[in-house]
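Fold and geometry: a report
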Amino acid sequence: MTDHAHQAPPTQPAQPIHGRVLVVDDHAPARESVVDVLRCVGHEAMACSSGAEALARLRADSFDIVVTDLQMPGMSGLELIREIERLRHRVQVLMVTAHASVETAVEAMRHGAFDYLEKPYNIDRLEASVARALQRKRLQSNLEPLASAAINGVPEATGPVMIGSSAAMRSLRESLARVAATEETVLIQGESGVGKELIAQTLHAMSARSKGPMVSLNCPVLSEQLTESELFGHCRGAFTGADADRVGRFELAHGGSLLLDEVTEINLGLQAKLLRVLQERAFERVGSSVSQRVDVRVMATTNRDLSAEIAAGRFREDLYYRLAVVPIQAPALRERGEDVLELTEHFLDEASRRLGRERLTLDAAARDLF
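So, here is what we can say about the structure in this document.

Moving on, we come to the overall build of the protein. Each helix and strand counted, the protein has 14 helices and 12 strands in total. Here the protein, with 370 residues, has 46% of them falling under the buried criterion. As displayed, the protein has an accessible area near 18600 Å², and 50% of this comes from carbon and sulfur atoms.

Have a look at this one:
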């Protein structure tokens, strides 16, 4: 049996989605080149030469996507992205730059940019990124009712339950509702025991991937070799004891979400391979040279101070930036003390159901103690 038999399940080819795109670049040949490429694949593309002109066009007309250069006189591409965010224009933004840096890219994405492309850009990458941005735009529109319900505490479906109505929990729910309508990679940080995995499960359940698999990998419990095999799978004979082909977690999570629990426990060599998957959405099984593409939303958790881990050389800075496109801080219970009684009532209800008896309750003295 060849390696080709083990590629991730193919997805049905999607019908192309066409949208309205505004291209912003002070260099006329560059912006006209982007406009020509986009028009050739069916998009309605228009151009302007500055950030100020782009904002005026966005006020007067509706667009799905803005493709902007980074280095422009007057208002830079990054400043334009911040203004688009501040003014709440409902567009997806792609940044094109000849001066790409990890920090600039992450700053742009934290202010709402969908992706960034380096000059000279690859035409296929530009077309693919615009197509994915349009899919995200449609997805966000479809999920807005769900996000509104989550912010207002209205249950929409059975699934993971986050207990608590404190300010910290309301803020967390608002963040999850916004993030659920995107495909961004998420890093959930917080102390041990605060419910980081529950947050990830909730995010998956609220997203458009909820009908797909939710796969987890507990990184600290596995050896280096086993972790690589668990992530990417292996071919028979790849190493001693590999007596059969194995499907990895990325393949199992195809079409859904993958949670890397305590991701800082992965060694530096494997961190480099994980970075490549996040960048290219492709990987090889251990013992195979066949590249497999995968459609997975990656979430990661950590209880460590990543700044300290990076400074100590134990965690790659570029991997951190790729994981922390959307950072979420899980509040500790001491930050949400008003939720204690609500949590207690919830656990008493669960205990009553499991014991098959009437609902257990707290008397006044116990409630005061809590």
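The next thing to look at is helix α3 (residues 77–86). Along α3, the residues that are buried comprise G77, L78, L80, I81 and I84. Across the axial projection of α3, the buried residues extend over an arc of 160 degrees, all falling on one side. One or two residues past the end of α3 sits R88, with phi positive at roughly 55 degrees.

We now examine the nonpolar core. One finds L231, F250, L260, V263 and L323 to be the most contacted residues of the largest nonpolar core, which totals 29 residues. Breaking this core down by element, the ones donating at least two residues are β7 (214–218), α8 (224–232), β8 (257–261), α10 (268–280), β11 (297–302) and α12 (317–323). In terms of residues, this core owes the most to one element, α10, which gives five residues. Those residues in contact with F250 that lie beyond four places of it in its chain are L231, F232, L258, L274, V277, F283, V294, V296 and V298.

Alignment of strand β1 (residues 20–24) against strand β2 (residues 44–48), held across five bridges, turns out to be parallel. The residue bridging V23 from the neighbouring strand is A47, located in β2. In this fold, the crossover linking β1 to β2 by way of helix α1 (residues 28–40) has right-handed handedness.

Right, let's get into the environment of L323. Inspection of the secondary structure puts L323 in helix α12. Apart from the residues within four sequence positions on either side, L323 is in contact with T185, V186, L187, V263, L278, V298, A300 and F315.

With their axes 9 Å apart at the nearest point, helix α6 (residues 167–180) and helix α7 (residues 196–206) run at an angle of 45 degrees to one another. Put simply, α6 runs oblique to α7. Between α6 and α7 lies a crossing of right-handed hand. The segment α6 lies against α7, with L172, L176, A177, V179 and A180 engaging I199, T202, L203 and M206.

Pairing within the open sheet is parallel, and its five strands lie in the order β2-β1-β3-β4-β5. Edge positions in the sheet fall to β2 and β5 (113–118), since each of these pairs with one other strand and no more. Taking each pair of neighbouring strands and ignoring which way they run, the sheet shows an average axis angle of 20 degrees. Pairing analysis gives four bridges linking β1 to strand β3 (residues 65–69), with the strands arranged parallel. Note that in β3 the partner of V24 across the bridge is T68.

Pairs can form between side chains of opposite charge whenever their charged atoms are close. As enumerated under the stated definition, the model contains 22 salt bridges in all. Its salt-bridge partner being E280, residue R276 comes within 3.1 Å of it at the nearest N-O pair. Here R276 and its partner E280 are both found in helix α10, four residues apart, which amounts to about one turn of the helix. A salt bridge links E309 to R304, with the shortest nitrogen-to-oxygen separation between them at 3.8 Å.

Let us now look at the packing of helix α2 (residues 51–60) against α3. The contact between α2 and α3 brings their axes to 10 Å, and the two run at 25 degrees. Considered as vectors, α2 and α3 are oriented roughly parallel to each other. As α2 runs across α3, the sense of the crossing is right-handed. When α2 is examined against α3, the residues G51, A54, L55 and L58 are found in contact with a partner set consisting of L80, E83 and I84. For the contact of α2 with α3, a count of residues per class yields five nonpolar, one polar and one charged.

This next bit is on unusual backbone geometry. Here E262, not a glycine, exhibits a phi torsion of approximately 55 degrees, which is positive. Structurally, E262 can be placed in the loop between β8 and α10. Classification of E262 as buried rests on a relative accessible area of 12%.

Moving on: the pairing of strand β4 (residues 92–97). In terms of burial, β4 is a largely internal element, six of the six residues being buried. Burial of the side chains of β4 extends over both faces: Q92, L94 and V96 are buried on one face and V93, M95 and T97 on the other. Relative to β4, β3 runs parallel, the two being bridged by five bridges. Residue pairing in the sheet places I65 in a bridge with Q92 of β4. Taken together, β3, α3 and β4 form a β-α-β motif whose crossover is right-handed.

Time to look at the environment of L333. Within the fold, L333 resides in the loop between β12 (326–329) and α13 (340–355). The spacing of L333 and G193 is 140 residues in sequence and 9.3 Å in space, taken between C-alpha atoms. Beyond its immediate stretch of four places on either side in the chain, L333 contacts V340 and L343.

Moving on: the packing of aromatic side chains. Applying the stated rule across the entire model yields four aromatic pairs. Connected via pairs of aromatic rings, a cluster forms that spans F232, F250 and F283. The ring centre of F63 lies 4.9 Å from the NZ or CZ of R20, which sits over that ring.

Conventions and cut-offs
- Residues numbered from 1 in each chain as written.
- Predicted model: local features only at pLDDT ≥ 70, side-chain atom pairs only at ≥ 80, totals over all residues.
- Heavy atoms only, no water.
- Helix = DSSP H or I, 4+ residues; strand = E, 2+ residues; numbered from the N terminus.
- Buried < 20%, exposed > 50% of the residue type's maximum accessible area, 1.4 Å probe, protein only.
- Areas by Shrake-Rupley, 256 points an atom, 1.4 Å probe, with all protein chains shown as cover.
- Arc of directions from axis to C-beta.
- Core = buried A, V, L, I, M, F, W, Y, C linked by side-chain atoms within 4.5 Å.
- Contact = heavy atoms within 4.5 Å.
- Pairing = 2+ DSSP bridges.
- Right-handed = clockwise from strand over helix to strand, strands pointing away.
- Axes fitted to C-alpha atoms, helices over the stretch in contact; angles between N-to-C directions.
- Parallel < 35°, antiparallel > 145°, perpendicular 65-115°, else oblique.
- Left-handed = near helix turned anticlockwise from the far one by under 90°.
- Salt bridge = Lys/Arg side-chain N within 4 Å of Asp/Glu carboxyl O.
- Nonpolar A, V, L, I, M, F, W, Y, C, P; charged D, E, K, R; others polar.
- Phe/Tyr/Trp six-rings, centres within 6.5 Å; stacked < 30°, edge-to-face > 60°.
- Lys NZ or Arg CZ within 6 Å of the ring centre and 35° of its normal.

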